[in-house]
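# Results of the structural survey
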Amino acid sequence: MPLGPAPSGSLSDVLIGRRSELALLRSVIVSPPSLALVEGEAGIGKSRLVAELFAAPDLAGTRRLVGQCEQLQEPLPLSPLLDAFRSAGAELARSRLPLNPVAGALAPLLPEIAEHLPPPLPPLPDQRAERHRVFRAAVALLDNLGPLVLVLEDVHWADAGTHDFLAFLAAHQPRDVAVILTVRTEAGLLPIREAFARAPSGPARTISLAPLTLPEVEELAGGVLRAELPRTFAGPLYEKTGGIPFVVEEVLRTLLERLPASEIPGRPDVLADLAVPTVLRDVVLQRLSSLDDPAQEILGAAAVIGMTPDDRVLAEVSDRSPPEVARALAKAQAVGLLHEEDGRCRFRHALARQIVYESVAVSGRRWLHLRAARALESGSGPRPVARLAHHFLHAGRTSDFVGNAEAAADTALSHGDDATAARFLLRALEVGELSSDVRVRLAVKLGRAAVDGLAHAEAVPILERLLATEPLPAPLRGELRFALGRLLRQHGQARAGYLQIERAVDDLGERPALLGRALAVLAAPETVVDRHVSEHTARCDEAERAARRSGDPDVAIAVRITRASLLLEQGDPESWRLIDALLADDRLRASPREHARACLNWAQGALHVGRLDRAETLLAEGRRVADEAEYLRVAEVVSLVTAAVDRAAGRWDGLEGRLRRLGDTSATFAAASLDSRLLRGALLAATGPAEQAVEVLREVIAIAGRTGAVWPLIPARTALSRLLLSLDDAAGAAEQATAALDLARAKGNWVWAAESVSCLVDALDGRGGAEEVAGLRTGLAGADAPLAQAALLTAEAVLARADDTGRAGRLLDEARVLLRKAGLRYEEALAGERLGRWRCERGDGGGGALLEEALRAYGAMGADRDIARICRVMRQNGVPIPYPWRGGRPSHGGTLSSREREVALLAAAGKTNQQIADALFLSRRTVESHIANALRKLGLASRRELRTFPAD
């Protein structure tokens, strides 16, 4: 009977972990006669381990008989053994070995294969003798069928007769037979263990399966969802399921019924509100019903108390004696509802506790929660305010709940756990009958906690409503407005947040420390579109004065960080002196959150000006500090900056997928989400499809324009301008470049204007833009901004080309060298391609080598659209195109595969990607890939050019 690698219904076709257990089981069966017990709790993967064993290529042909024990009130005699023998008919028919006549004793029990057995034997008057003869017959039949492996599943459900046979088999095991039994540990010790320990062939080997570890749960779920799981999802999934594979798969199955697989990893919130899978609920309720009434009542009280109920509290809540409680917990552990951990009884997993909890009537739950709260209050030691808040809330005692929730939030804040504090405060503010002063006090604390606690979506409407309805003293109103402004900015509402903080400044005169911090936020130049850099500088000066007035060294550090960022965004070399001094300052290192945020902000600023070397160093330090401090607020920012650094360095493998996940609408940090969409749009502009890149960039521009975020509005317009130019839309490119340039001029930052000036000059084909280039040259004087300086040199080269091609080539080569030194591989390739094309068109030497170098750089990065364009340029100029030129990977070269041709023909006919996907039963992503490959191989720059693709 063949066994597949995964049991029917399993979501995963790969066994996770279990390498050592699998190796041990293999060692047992390859050396018969042998015995193996695979044990573990229900759902732990015992059957899966056995199935995986026989899925190995060298064992797939192993002859084996498999029998299954059923969970019956009165198990059938020898049921699993007879079940296994029924499948042996074909094997017996082929066998030429004579069977021991005693095997005929099985014929009445196995009519399905009786024709292959010796004649039935006359009955014996002694029932014990009859049973002994049947046991001998079974051993004889196994011996005849050997070599084989006998697998009996769920032996804990077997009848006493089967247990007796297995004890007999252990003492008389044929030499070519190996036996594997699977058994649940919670069912208690098997009565045959001693017989197995004394087997003549040697004691049985026990393979015990433990729950999966957190990394293994992450691997299992990631394989099912076909996605890389963030720890924010994997951690709660592990806690919810206890690492039991069956429970993990059932949870994922339930989630997949509600959400697409791609969305689930970014939605850890769905685990909190998860409906218990029906199959799991039935299993747990069946075990619960096997307990007597007192044990069920005690277990219900335990579920109300928590995952690991305290024995004293449980005795008080259930109003039972300690011995009664102990007996009930032992019974629950015996049926697998509880297990022992660190010397205490604990629910096997969170879902088991949830099922038991929900089995208690609602009225009973409220009463038990109140008794639990009173029992906790009477205990010694620190007051467990978080647990008290939970129990009072579910007991309906709102006043007691609010007091304890506030105390729990204060405790969480004192330990730096802003997210927990924000959750408690939000729940407390949901209570309708709060007095005005209590509501204001809680809202102020929420404003402090919600920024780092990433609770902006929930906190914003509360603060807005409070500011609109409550008459507040100025200092308090200013603090709330400052908090609201920061939350709005986190939520992606750049201009609205900036205006709130501006309004807060007028109210914070009496609170210089808070005023200094508010002014420091207003000094950040990348925040809003309609504030000149001189205004940000003035705000920074005001912040320094407020910091001195406050005497708070932490505020002074915050303002110095802002000053360094302000100078960095303008390419001022002084910024690096300030940054290096701050990184060496013990006061910054003593504040890990400030330290991490500063490094990440500076890394982004370094990328804006083209200092990739400093960006990588700052990112590494920011990530290290954030990890050590477990600073979850910046997790998405770390991922964003990492992706930005990888894009700048040309490390594009898998980058588009990472950026797509970061830009998902479920992201917790909306501002970071928008930046990630900008990066993805810019990446697609190089890798394709162009239409999708245009769509993404226009979406970024629309959102940034609506919210007033100058960054990423300027680079998004610049990227779109460059893309439109590659699509032969010079007018559209000029429009976007002009819009970006106007924004940079209004901001007064020429570093941000450089690339838009270069785009504008290109769009005008060198016939205009001289005035803008002159202004850029003046604005960038002395700036440490390689990206902007290279853009200036490129623009000057384009303008000079009409009159002095030699000077134009030298300027462009200077830009290329500057970009190479900066490590900006993609921009260097673009400059090299342009210079190579110019040299080829003039007939100068070295042009072809430059084009080939750029082609190889594009190939290494997977920039398919650029590859298509440069191949066309090389053909036009007679430059040989090397194949394979993308790292030696197999391809169809310049010839379309049959599927690529099919997709290209439909695209040429005007079909959308989705229409093509529907027609050919492909995914949209696969269609996009085929179109990108077709464009590259045909040397076409855009989808529009496919209209000329021949149908023959």
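Residues numbered from 1 in each chain as written. Predicted model: local features only at pLDDT ≥ 70, side-chain atom pairs only at ≥ 80, totals over all residues. Heavy atoms only, no water.

### Overview of the packing of aromatic side chains
The geometry of an aromatic ring pair is captured by the separation of the ring centres together with the interplanar angle, meaning the angle of the planes. Following the criterion strictly, the structure yields five aromatic pairs and no others. Arranged with centres 5.5 Å apart and planes meeting at 65°, the rings of Phe-135 and Phe-165 form a pair that is edge-to-face. Of this pair, Phe-135 sits in helix α5 (residues 127-145) while Phe-165 sits in helix α6 (residues 160-171); the two residues are 30 residues apart in sequence, bridging distant segments of the chain. You'll find Phe-135 and Phe-165 in the same group, each marked buried. Within the aromatic cluster, the residues linked to one another by ring pairs are Phe-135, Phe-165 and Phe-168. (Phe/Tyr/Trp six-rings, centres within 6.5 Å; stacked < 30°, edge-to-face > 60°. Helix = DSSP H or I, 4+ residues; strand = E, 2+ residues; numbered from the N terminus. Buried < 20%, exposed > 50% of the residue type's maximum accessible area, 1.4 Å probe, protein only.)

### With respect to unusual backbone geometry
Note the cis peptide between Gly-146 and Pro-147, where omega equals 0°. Following the sequence through the fold, Pro-147 ends up in the loop between α5 and β3 (148-153). For the bond running from Gly-688 to Pro-689, omega is -5°, close enough to zero to count as cis. Locating Pro-689 in the fold gives a position in the loop between α34 (670-687) and α35 (690-707). The phi angle at Leu-78 is positive, at roughly 55°, despite the residue not being glycine. Topologically, Leu-78 is positioned in the loop between β2 (64-68) and α3 (79-86). Its identity as a non-glycine residue notwithstanding, Asp-154 has a phi of 55°, on the positive side. Mapping Asp-154 onto the fold places it in the loop between β3 and α6. The class for Asp-154 is buried, based on a relative accessible area of 13%.

### Some details on empty space enclosed by the protein
Here the idea is plain: a probe the size of a water molecule rolls over the atoms and shows the empty space left. Going through the model one piece at a time under the given rule, you end up with one cavity of 30 Å³ or more. Roughly 30 Å³ of internal volume is contained in the largest cavity. Every residue lining the largest cavity is listed: Cys-69, Glu-70, Leu-72, Pro-75, Leu-76, Ser-79, Pro-80, Trp-157, Ala-158 and Asp-159. (1 Å grid on protein atoms, 1.4 Å probe; cavity = no way out; pocket = protein on both sides within 12 Å on 5 of 7 lines; lining within 4 Å. Points joined across faces, edges and corners; volume = space filled by probe spheres on them.)

### Points about the environment of Leu-830
Take Leu-830: it is sitting in helix α42 (residues 825-842). Placed 202 residues apart in sequence, Leu-830 and Glu-628 show a C-alpha to C-alpha distance of 40 Å. Filtering out sequence-adjacent residues up to four positions away, Leu-830 remains in contact with Tyr-858, Asp-866 and Arg-869. (Contact = heavy atoms within 4.5 Å.)

### A closer look at the sheet that holds β2
Sheet architecture is open: five strands sit in the order β2-β3-β4-β1-β5, paired in parallel fashion. Where the open sheet ends on each side, the last strands, each with one partner, are β2 and β5 (205-208). Sheet twist, expressed as the average angle between the axes of neighbouring strands with direction ignored, equals 15°. Sheet contacts for helix α1 (residues 19-29): β1 (34-40), β3, β4 (177-184) and β5; angle to β5, the most-contacted strand, approximately 155°. Seen against the sheet, helix α2 (residues 46-55) touches β1, β2, β3, β4 and β5 and runs at an angle of roughly 155° to β4. (Pairing = 2+ DSSP bridges. Axes fitted to C-alpha atoms, helices over the stretch in contact; angles between N-to-C directions.)

### A closer look at the pattern of salt bridges
Under the defined criterion, the tally for this structure stands at 68 salt bridges. Among the ionic pairs, Glu-324 bridges to Arg-320, the shortest N-O distance being 3.9 Å. In this structure Glu-324 comes out as partly exposed when scored by relative accessible area, which is 30%. One salt bridge in this structure joins Glu-377 and Arg-374, with 3.0 Å as the shortest N-O distance. Here Glu-377 and its partner Arg-374 are both found in helix α17 (residues 362-377), three residues apart, which amounts to about one turn of the helix. Where salt bridges share partners, they join Arg-495, Glu-502, Asp-530, Arg-531, Glu-535, Arg-539 and Glu-542 into one cluster. (Salt bridge = Lys/Arg side-chain N within 4 Å of Asp/Glu carboxyl O.)

In short, geometric facts, not functional conclusions.
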